[in-house]
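The residues making up each chain are set out below.
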Amino acid sequence: MSTILELYLVFLKIGFCSFGGLSMIPVINQEMVNHGWMTLEEVADIIAIAEMTPGPLGVNAATFAGMRAAGLLGAVAANFGVLTLAFTLCLAAAAFLARLKGNPYLEGFTYGIRPVCVGVMLATCITMAPNYQVAGAVSPAAVAIGGVGLVLLVKFKWSVPKVIGAAAVLGLLLAR
C-alpha cells in the first residue's frame, strides 16, 4: 500500500476515533511511530508546533505529519483523512436541512436565534475588552475593515465568503 493511501487511512481512523484536540495525540503518536514515519521525539515536536499554530490540532498535526512522512501529497492525504468525518457530517446535515427548507418551525427557529448569536458575540467582546486595554491594541484599520464588512453584509447583501475575501484584500492593502 502506498504511503499516501496509508496516511489517508491512518488519519481517517484518527478523525473517526478521537474527539479532536488532545484526545488525538496518543493515536497520532502510536500511528506515526508504528508505521516508522517518525520517532517519538519528532511526533512530540510536531504536536508542539501544531498546538502553537492557529487552527485545529488535528488539521495542523495532519499537515505536519503528512508533510514529514510523504511531502505535500502526504499532507493533503492526511488532511483529507482527518476531515472526512467532518465533511460527511456536514453533508448529511446540509441534506437534512435542505429537506426541511420551507418548514415554518425551522425557519422560525433560525430567525429567532439570530439575536441570541449577536448577543453572545457582544457579551464575549464586552467581557474580553478590559483584558485588551493596551496601547495600540485597537487597530483603526481593523475597525474600518469590520465596518466595511458590516456595510457590505447588511446594506449590499453580499454573501459571507465575498465579505471575507474583501476583508482579506483590504487587510493586505492596509497592512502595507
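See the structure above.
Thresholds applied
Residues numbered from 1 in each chain as written. Predicted model: local features only at pLDDT ≥ 70, side-chain atom pairs only at ≥ 80, totals over all residues. Heavy atoms only, no water. Axes fitted to C-alpha atoms, helices over the stretch in contact; angles between N-to-C directions. Helix = DSSP H or I, 4+ residues; strand = E, 2+ residues; numbered from the N terminus. Parallel < 35°, antiparallel > 145°, perpendicular 65-115°, else oblique. Left-handed = near helix turned anticlockwise from the far one by under 90°. Contact = heavy atoms within 4.5 Å. Nonpolar A, V, L, I, M, F, W, Y, C, P; charged D, E, K, R; others polar. 1 Å grid on protein atoms, 1.4 Å probe; cavity = no way out; pocket = protein on both sides within 12 Å on 5 of 7 lines; lining within 4 Å. Points joined across faces, edges and corners; volume = space filled by probe spheres on them. Polar contact = N/O pair within 3.5 Å; in protein donor to acceptor, adjacent residues only side chain to side chain. Salt bridge = Lys/Arg side-chain N within 4 Å of Asp/Glu carboxyl O. Buried < 20%, exposed > 50% of the residue type's maximum accessible area, 1.4 Å probe, protein only.

Chemist: Which residues make up the packing of helix α6 (residues 140-154) against helix α7 (residues 160-175), and what values go with them?
Modeler: Their axes nearest at 10 Å, the elements α6 and α7 cross at an angle of 155°. With respect to α7, the element α6 is oriented roughly antiparallel. The chirality of how α6 crosses α7 is right-handed. Between α6 and α7, the contacting residues are A141, I145, V148, G149, L152 and L153 on the first element and V160, V163, A166, A167, L170, G171 and L174 on the second. Of the residues assigned to the contact of α6 with α7, the class counts are 11 nonpolar, 2 polar and no charged.

Chemist: Go over the layout of surface pockets, please, and point to the residues and values.
Modeler: If you roll a probe as big as a water molecule over the atoms, it shows you where there is empty space left. A volume near 170 Å³ is recorded for the largest pocket. For the largest pocket, the lining is made up of 14 residues, of which G15, G20, M24, V82 and L83 are closest to its centre. At 7 residues, the largest contribution of residues to the lining of the largest pocket is made by helix α4 (residues 57-99). Classifying every residue of the lining of the largest pocket by side-chain character gives 9 nonpolar, 5 polar and no charged.

Chemist: Please set out the side chain of N60 residue by residue, giving values where relevant.
Modeler: Position of N60 among the secondary structure elements: in helix α4. A distance of 3.3 Å separates a polar atom in the side chain of N60 from the backbone oxygen of P54. Dropping the residues within four chain positions of it, N60 is found in contact with A50, T53, P54 and G55.

Chemist: Could you give an account of the pattern of salt bridges, with specific residues and numbers?
Modeler: Opposite charge on two side chains makes pairing possible when the charged atoms of those side chains draw close. Under the definition given, this model contains 2 salt bridges. Among the salt bridges present, the one from K13 reaches E31, with a minimum N-O distance of 2.6 Å. Within this pair, whereas K13 is found in helix α1 (residues 3-17), its partner E31 is found in helix α2 (residues 25-34), the two being separated by 18 residues in sequence. Owing to a relative accessible area of 39%, K13 belongs among the partly exposed residues under this scheme. E42 serves as the salt-bridge partner of R68, at 2.3 Å between the closest nitrogen and oxygen. Taken together, the positions of R68 in helix α4 and E42 in helix α3 (residues 40-52) put the pair 26 residues apart, joining distant regions of the chain. Under the relative-accessibility criterion, R68 is labelled partly exposed at 43%.

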